[in-house]
Protein chains: 2
Amino acid sequence: MTDTPPRTRIQQRNRETILGAALEVFSQHGFRGATLDQIAQAAGLSKPNLLYYFPSKEAMHEALLAGLMDTWLAPLRALDPGGEPLDEILGYVHRKLLLSRDFPRESRLFANEILQGAERIRPTLEGELKTLVDQTAAVISGWAREGRIAPVDPYHLIFSIWALTQHYADFDVQVRAVLGPGKDDPFDGADRYLATLFSRLLTP
Amino acid sequence: MTDTPPRTRIQQRNRETILGAALEVFSQHGFRGATLDQIAQAAGLSKPNLLYYFPSKEAMHEALLAGLMDTWLAPLRALDPGGEPLDEILGYVHRKLLLSRDFPRESRLFANEILQGAERIRPTLEGELKTLVDQTAAVISGWAREGRIAPVDPYHLIFSIWALTQHYADFDVQVRAVLGPGKDDPFDGADRYLATLFSRLLTP
DNA sequence: GTCTATACCTAGATAGAC
DNA sequence: GTCTATCTAGGTATAGAC
């Protein structure tokens, strides 16, 4: 998607440093809220130097979003239509939760984008994402028809998995505020809770 | 919370017009992304006139957030510890979903705020919200101990209700992109799905 | 490749006429 | 109370030296 023409090692390294800093700042403040000053400081580079590597602030943002989509859809692609239905779905939930735990900034970048209308990624949502979800929904419906899981609306099942797993990354501040300090990592509790929730829903 | 000193009718009306316009713009673009020009246009007033009614952009935002919290917590407060446990919880889910359907802008305003660190409302989260959730969690734990619902982590149960209901407002764009045009209202499907989901989880 | 200096614009807020 | 005009800060991007 993003072309990555041959570069020197130092160029590669700086590009990655900048994208890391940009992810940090964009995910916390949104596109408009982020400033090049903040990104430059986080990257340890000067502001003009950022613009030597990327033509504009917009270009940094696009590079991040383009790289993100594949990572984000990987767990869903990994769902095996030939596997044991309940295991496959619980495995998907687990992998998606780990993704939220390990990549919260990516999750928030994505959430910011959707929340604010998804202007930049709507084509991907209506194309690549919809196609993948349609395929997966067909698999799940098949499992339900065969009686291997309880009858369920496959689309809302998938939405609920997204909502629940991403909530722990995107609303992390609220989760921690409510749980208070000194509790276990919210993700541990979530992992157990979600396994129970979907087992009960889907066991025939 | 927000003091509303005696005003003329026209003042009241203009304040409300402005807040409505501000909600529209803030919820779509976030605080930083919103501009006074946009709000002024949405309100049909001039930019300086906005600042006659509110001392600053920040003040508009605070007025919205202050008014929002009560509305947002009302369905949880309405949960009756003396009621039939499953009915009470399913009723809460239903009311919360209706709130998302009927007040999506408020939901997104709140989501933007949490997502970006909740600087302005963290005290409320750690105070009023935590207290209310702690109380409700105690009630739910009691029900579980008495065997009136299945054993469940009450905090994660509440988080999951928030995540699922708000998802349909906050990620509306994504939901509609995936479902495609011409389908039923996502909220109808969600209502049925969530009732099933929580019935199965909580039935002893 | 990286810096300093700066151009240029957008956007929040104010002054003052009406 | 509402407007036009304007001030000012901050932010993106560029020029040009090193």
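It should be emphasised that the depicted structure is a prediction, and the values quoted were computed from it without experimental measurement. (Residues numbered from 1 in each chain as written. Chains lettered and ligands numbered in written order. Predicted model: local features only at pLDDT ≥ 70, side-chain atom pairs only at ≥ 80, totals over all residues. Heavy atoms only, no water.)

Trainee: Would you mind going over the overall build of chain A with me for this structure?
Mentor: Per the secondary structure count, chain A includes ten helices and zero strands. If you line up chain A on its principal axes, its C-alpha atoms span 60 × 45 × 30 Å. The buried share of chain A, taken over its 204 residues, is 51%. Taking as baseline every contact in chain A between residues at least 6 positions apart, the subset at least 24 positions apart corresponds to 68%. When the accessible surface of chain A is split by element, carbon and sulfur atoms take 51% of a total near 9,100 Å². Looking at charge distribution, chain A has the averaged site of its 22 positive side-chain charges lying 4 Å from that of its 26 negative ones. (Helix = DSSP H or I, 4+ residues; strand = E, 2+ residues; numbered from the N terminus. Buried < 20%, exposed > 50% of the residue type's maximum accessible area, 1.4 Å probe, protein only. Contact = heavy atoms within 4.5 Å. Areas by Shrake-Rupley, 256 points an atom, 1.4 Å probe, with all protein chains shown as cover. Lys, Arg positive; Asp, Glu negative; His and termini not counted. Charge placed at Lys NZ, Arg CZ, Asp CG, Glu CD.)

Trainee: Explanation requested: the environment of Glu106 of chain A in the structure shown.
Mentor: All names here are of chain A. With respect to the element layout, Glu106 can be found in helix H6 (residues 104-115). Counting along the chain gives 77 residues from Glu106 to His29, while the straight-line C-alpha distance between them is 13 Å. The residues touching Glu106, leaving out its near neighbours within four places in the chain, are Leu23, Leu68 and Trp72.

Trainee: What should I look at first to understand helix H4 (residues 57-77) of chain A in this one?
Mentor: Two residues of an α-helix separated by three or four positions point the same way, owing to the 3.6 residues in each turn. Residue and element names in this part refer to chain A. End to end, H4 covers 31 Å across 21 residues, agreeing with the expected 30 Å (1.5 Å per residue, within 8%). Where H4 bends most, the angle comes to about 25°, and this point is Leu68. Ala59, Met60, His61, Ala63, Leu64, Leu65, Leu68, Met69, Trp72, Leu73, Pro75 and Leu76 are the residues of H4 that are buried. (Expected span 1.5 Å × (residues − 1). Bend = angle between axes of the 7 residues up to and from the residue.)

Trainee: So what exactly am I meant to see when it comes to the UniProt feature "domain: HTH tetR-type" (unreviewed entry) in chain A here?
Mentor: Here, the residues flagged by UniProt with the feature "domain: HTH tetR-type" (unreviewed entry) are residues 12-72 of chain A. Helix makes up 87% of residues 12-72 of chain A and strand 0%, with an end-to-end C-alpha separation of 23 Å. (UniProt positions renumbered as here; feature names shortened; annotations may be inferred.)

Trainee: Explanation requested: the side chain of Thr165 of chain A in the structure shown.
Mentor: All names here are of chain A. For Thr165, the location among the structural elements is in helix H8 (residues 154-170). There is a polar contact of 2.8 Å between the side chain of Thr165 and the backbone oxygen of Ile161. In contact with Thr165, other than residues within four places in its own chain, are Val93, Lys96, Leu97, Ser100 and Leu194. (Polar contact = N/O pair within 3.5 Å; in protein donor to acceptor, adjacent residues only side chain to side chain.)

Trainee: Got a minute to help me understand the packing of helix H7 (residues 122-145) of chain B against helix H8 (residues 154-170) of chain B in this structure?
Mentor: Pairs of packed helices are described in terms of their axes, by the angle between the two and the distance that separates them. All names here are of chain B. At a minimum axis distance of 9 Å, the contact between H7 and H8 shows a crossing angle of 115°. The crossing of H7 and H8 is right-handed. Taking contact as the criterion, the partners of Leu129, Val133, Asp134, Thr136, Ala137, Ile140 and Ser141 in H7 are, on H8, Pro154, Tyr155, Leu157, Ile158 and Trp162. Classifying every residue of the contact of H7 with H8 by side-chain character gives nine nonpolar, two polar and one charged. (Axes fitted to C-alpha atoms, helices over the stretch in contact; angles between N-to-C directions. Left-handed = near helix turned anticlockwise from the far one by under 90°. Nonpolar A, V, L, I, M, F, W, Y, C, P; charged D, E, K, R; others polar.)

Trainee: What is the right way to read the pattern of salt bridges from this model?
Mentor: Side-chain pairing between opposite charges can occur once the charged atoms of the two side chains come close. Residue and element names in this part refer to chain A. Scanning the model with the defined rule gives 24 salt bridges over all chains in all. Across the pair Lys47 and Asp37 runs a salt bridge whose closest N-O atoms are separated by 3.6 Å. With a gap of ten residues between them, Lys47 in helix H3 (residues 47-53) and Asp37 in helix H2 (residues 36-43) connect regions that are remote in the sequence. The partly exposed category is assigned to Lys47, whose relative accessible area is 36%. (Salt bridge = Lys/Arg side-chain N within 4 Å of Asp/Glu carboxyl O.)

Trainee: Mind showing me how you'd approach the protein's contact with DNA strand C here?
Mentor: The full set close to DNA strand C counts 17 residues, and Gln11, Ser46 and Tyr53 of chain A together with Leu36 and Lys57 of chain B are the nearest of them. The share of sugar and phosphate among atoms of DNA strand C within 4 Å of the protein is 67%. Gln11 of chain A is positioned such that a nitrogen or oxygen atom in its side chain is 2.4 Å from a phosphate oxygen of DNA strand C. Here Lys47 of chain B contributes a side-chain N or O atom positioned 3.5 Å from a base nitrogen of DNA strand C. Mapped by element, the contributors of at least two residues to the surface near DNA strand C are helix H1 (9-33) and H3 of chain A together with helix H3 (47-53) of chain B. Top element by residues in the surface near DNA strand C is H3 of chain A. It accounts for four residues. Across the surface near DNA strand C, the residue classes tally to seven nonpolar, seven polar and three charged. (Near = heavy atom within 4 Å.)

Trainee: Would you mind showing me how to read the interface of chain A and chain B here?
Mentor: How big an interface is tends to be stated in terms of the accessible area lost upon association of its parts. Opposite the 56 residues of chain A that make contact, chain B presents 56 residues. Across the contact surface, chain A and chain B share zero salt bridges. At the junction of chain A and chain B, the tally comes to 13 residue pairs in polar contact (both at pLDDT 80 or more). Elements with a minimum of two residues in the side of chain A that touches chain B: H1, H6, helix H7 (122-145), H8, helix H9 (172-179) and helix H10 (186-202) of chain A. Here the element with the most residues in the side of chain A that touches chain B is H8 of chain A; it accounts for twelve residues.

Trainee: Just to check I follow, could you spell out the nonpolar core for this structure?
Mentor: For soluble globular proteins, nonpolar side chains are generally found buried alongside one another. By size, the foremost hydrophobic cluster in this structure holds 142 residues, and its most contacted members are Leu157 and Phe198 of chain A together with Leu157 of chain B. Among all residues touching Leu157 of chain A, those that are not within four sequence positions of it are Ile89, Ile140, Val152, Phe198, Leu201 and Leu202 of chain A together with Tyr193 of chain B. (Core = buried A, V, L, I, M, F, W, Y, C linked by side-chain atoms within 4.5 Å.)

Trainee: It is not clear to me how the UniProt feature "DNA-binding region" (unreviewed entry) in chain A should be interpreted in this structure. Could you clarify?
Mentor: Here the UniProt-annotated "DNA-binding region" (unreviewed entry) positions come out as residues 35-54 of chain A. Counted over residues 35-54 of chain A, helix gives 75% and strand 0%. Its end C-alpha atoms are 14 Å apart.

Trainee: I keep staring at the domain arrangement of chain A and nothing clicks. Help me out?
Mentor: Residues and elements named next belong to chain A. The domain boundaries assigned to chain A delineate domain 1 (1-55) and domain 2 (63-202). For domain 1 and domain 2, the distance between their C-alpha centres works out to 28 Å. Carbon and sulfur atoms supply 67% of the area buried between domain 1 and domain 2, which totals about 960 Å² over both sides. The largest contributions to the domain 1 side of the interface with domain 2 come from Leu23, Ser27 and Phe31, which together make up 49% of the buried area. (Domains from an automatic or database assignment. Buried area = accessible area lost by both parts, 1.4 Å probe.)

Trainee: Would you take a moment to explain the protein's contact with DNA strand D for this structure?
Mentor: Neighbouring DNA strand D are 17 residues, the closest being Leu36 and Lys47 of chain A together with Gln11, Ser46 and Tyr53 of chain B. Counting only the atoms of DNA strand D within 4 Å of the protein, the fraction contributed by sugar and phosphate is 69%. One of the side-chain N or O atoms of Gln11 of chain B is found 2.5 Å from a phosphate oxygen in DNA strand D. At 2.7 Å, a side-chain N or O of Ser46 of chain B approaches a phosphate oxygen of DNA strand D. Sorting the residues of the surface near DNA strand D by element identifies H3 of chain A together with helix H1 (9-33) and H3 of chain B as the ones contributing at least two each. A per-class count over the surface near DNA strand D returns seven nonpolar, seven polar and three charged.

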